[in-house]
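# Commentary on secondary and tertiary structure
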Amino acid sequence: MQDEVNLPLVFHCTAGKDRTGMAAYLFLYSLGVDEETIFSNYLDSNKYLQGKYGTYIQAYPALAPLLTVDRRFLEAGVKRIREEHGSVEKYLKEVVEVDIDKMRSIYLYPVR
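Residues numbered from 1 in each chain as written. Predicted model: local features only at pLDDT ≥ 70, side-chain atom pairs only at ≥ 80, totals over all residues. Heavy atoms only, no water.

The next thing to look at is the side chain of Ser30. Considering the arrangement of structural elements, one finds Ser30 in helix α1 (residues 19-30). With residues up to four places along the chain from it excluded, the contact list for Ser30 reads Leu92, Val98, Ile100, Met103 and Arg104. (Helix = DSSP H or I, 4+ residues; strand = E, 2+ residues; numbered from the N terminus. Contact = heavy atoms within 4.5 Å.)

Two side chains with opposite charge may pair up if their charged atoms get near one another. Considering all chains together, one arrives at nine salt bridges under this definition. One salt bridge connects Glu36 with Arg71, and the closest N-O pair in it is separated by 2.7 Å. In this pair, Glu36 is assigned in helix α2 (residues 35-43) and Arg71 in helix α5 (residues 71-85), connecting sequence segments 35 residues apart. A relative accessible area of 25% means that Arg71 is categorised as partly exposed. Linking Glu89 and Lys93 is a salt bridge whose minimum nitrogen-to-oxygen distance equals 2.9 Å. A residue pair is termed a helical-turn pair when its members lie 3 or 4 positions apart in one helix, as Glu89 and Lys93 do in helix α6 (residues 88-94) at four residues. We classify Glu89 as partly exposed; its relative accessible area is 36%. (Salt bridge = Lys/Arg side-chain N within 4 Å of Asp/Glu carboxyl O. Buried < 20%, exposed > 50% of the residue type's maximum accessible area, 1.4 Å probe, protein only.)

A word on a nonpolar patch on the surface. Taken together, the side chains of Tyr56, Tyr60, Leu63 and Leu66 make up a nonpolar region of the molecular surface, amounting to roughly 430 Å² of accessible area. Its place among the elements puts Tyr56 in helix α3 (residues 45-59). (Patch = residues over 30% accessible without salt bridge, like charges linked within 9 Å, V, L, I, M, F, W, Y side chains within 5 Å. Areas by Shrake-Rupley, 256 points an atom, 1.4 Å probe, with all protein chains shown as cover.)

Laid out in structure tokens, this is it:
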């Protein structure tokens, strides 16, 4: 994500919600997007996954937690990061080795 040679960037997973949801959270957080916006965006996944998984959920309601998103899912991951590393920013910098200033220079347009 920080190597400009590899841009544009695409990331995904099978259902497009769990690994992708956390990756998107960390990516957006590194850019300074507020958490409520990130969580709202994450929850929008339910709308977009409905067409893909709606019939499965109707036929097998017990599968709903595997095929939908819930704010608590992402909150649990973020809570764990904060408990183990003190903050999301510290996790990004020290564990994932994100250069936040570089990320912002790559992905954000300068304010004029």
